[in-house]
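# Close look at the chain arrangement
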Amino acid sequence: MATAITWFIIISAGIVLFRWDENRFNERESEKTRKSLKEGGWSDEAIDYFFEHVEG
């Protein structure tokens with residue numbers, strides 16, 4: 001029983017860390033996209049619209 005609980009905790013922690021890392025990656029990619037759009041001449045309003053409606 002203790003082994004099952006230990007494995008459950010280890011797997012749960014792995015899932016949490018994976019999701020946390022994935023969220024960090026997505027935030028970094030969004031910032032890169034936002035920066036490249038800004039450098040491409042997009043207005044702040046257009047960039048916000050893009051992220052709200054296209055990027056989802």
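See the structure printed just above.
The structure reproduced in this document is the subject of the present report. (Residues numbered from 1 in each chain as written. Predicted model: local features only at pLDDT ≥ 70, side-chain atom pairs only at ≥ 80, totals over all residues. Heavy atoms only, no water.)

### Remarks on the packing of helix α1 (residues 2–39) against helix α2 (residues 44–54)
As a reminder, the rule being used: Orientation is described by axes fitted as lines to C-alpha atoms, over the contacting stretch for helices, and by angles from 0 to 180 degrees between their N-to-C directions. A run of DSSP states H or I qualifies as a helix once it reaches four residues; a run of E qualifies as a strand once it reaches two. Both are numbered from the N-terminal end. Whether a crossing is left-handed or right-handed is set by the direction in which the near helix is turned from the far one by less than a right angle, anticlockwise for left-handed and clockwise for right-handed. Only heavy atoms matter for contacts: two residues are in contact if any of them lie within 4.5 Å across the pair. Residues are sorted three ways: Asp, Glu, Lys and Arg are charged, Ala, Val, Leu, Ile, Met, Phe, Trp, Tyr, Cys and Pro are nonpolar, and all the rest, Gly among them, are polar.
It is the contact of α1 with α2, at a shortest axis distance of 10 Å, that shows an interaxial angle of 145 degrees. Handedness of the crossing formed by α1 with α2: right-handed. Residues Ser 30, Thr 33, Arg 34, Leu 37 and Lys 38 of α1 form the contact with α2, whose participating residues are Asp 44, Ile 47, Asp 48, Phe 50 and Phe 51. Looking at the contact of α1 with α2 residue by residue, the class counts come to four nonpolar, two polar and four charged.

### So, the environment of Lys 38
Let me state the cut-off plainly: Identification of polar contacts relies on pairs of N or O atoms within 3.5 Å, with a donor-acceptor requirement for protein atoms, meaning one able to donate a hydrogen and the other able to accept it, and with residues adjacent in sequence counted only if both atoms are side-chain atoms.
Among the structural elements, Lys 38 can be located in helix α1. Placed 29 residues apart in sequence, Lys 38 and Ile 9 show a C-alpha to C-alpha distance of 44 Å. Setting aside its immediate chain neighbours within four residues, Lys 38 contacts Asp 44 and Ile 47. Side chain to side chain, Lys 38 and Asp 44 meet in a polar contact 2.8 Å long.

### Some remarks on the environment of Phe 8
For Phe 8, the location among the structural elements is in helix α1. Distance in space between the C-alpha atoms of Phe 8 and Phe 50 is 40 Å, their sequence separation being 42 residues.

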